[in-house]
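Here's the letter readout for the chains.
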Amino acid sequence: MFALLLLATAVWLGRVLYDNAEALVIGAAAIRRRIAASAEGPTRACQNCQAQNSMTAKFCTSCGTSLGQPASRDDRVTVVSEKERSSTELRRSA
Ligand SMILES: [Zn+2]
């Protein structure tokens, strides 16, 4: 009787673990697909509503905000040029 109960518990536990593992695999695949889509998809987030728009879109398809050049790229260029300038100044003063 005890062995039967143990066997039933083992079977139940195995099935629960199997179901959870399947759910985890499906979830991981969905997350991986979403990451891949966001990484390689030629989309650009709207700065106003964060909606994804194609790189060729001039205006957001969700809110109509003008999609200019991404500001982050300009910021990076500014930071690099400032860094170059400061290093040049350091070299000059040394
Ligand atoms: Zn928008």
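Residues numbered from 1 in each chain as written. Predicted model: local features only at pLDDT ≥ 70, side-chain atom pairs only at ≥ 80, totals over all residues.

### What about the overall build of the protein chain?
Scanning the protein chain for helices and strands turns up two helices and two strands. Reading the protein chain from its N end, one meets helices and strands in the order α-β-β-α. Burial status across the protein chain gives 2% buried among its 94 residues. Residue pairs in contact within the protein chain that sit at least 24 positions apart in sequence constitute 3% of those at least 6 positions apart. (Helix = DSSP H or I, 4+ residues; strand = E, 2+ residues; numbered from the N terminus. Buried ≥ 20, exposed ≤ 12 C-beta atoms within 10 Å, placed from the backbone. Contact = placed C-beta atoms within 7 Å.)

### What to know about unusual backbone geometry
Residues other than glycine seldom take positive phi values, yet Gln50 does so here, at roughly 65 degrees. Residue classification places Gln50 among the exposed residues on the basis of 10 C-beta atoms within 10 Å.

### A word on the confidence of the model for the protein chain
Chain-level pLDDT for the protein chain is 80 on average; 80% of the residues reach the 70-or-more range. Across the protein chain, the secondary-structure element scoring lowest on mean pLDDT is helix H2 (residues 71-93), at 65, and the one scoring highest is strand E2 (residues 52-54), at 91. (pLDDT = per-residue confidence, 0-100.)

### Describing the environment of Cys46
Within the secondary structure, Cys46 sits in the loop between strand E1 (43-45) and E2. With 19 C-beta atoms packed within 10 Å, Cys46 lands in the partly exposed category. Each C-alpha atom, one on Cys46 and one on Leu67, is 6.8 Å from the other, the two residues being 21 residues apart in sequence. Aside from chain neighbours lying at most four places away, what touches Cys46 is Ala51, Asn53, Cys60, Ser62, Cys63, Thr65 and Leu67.

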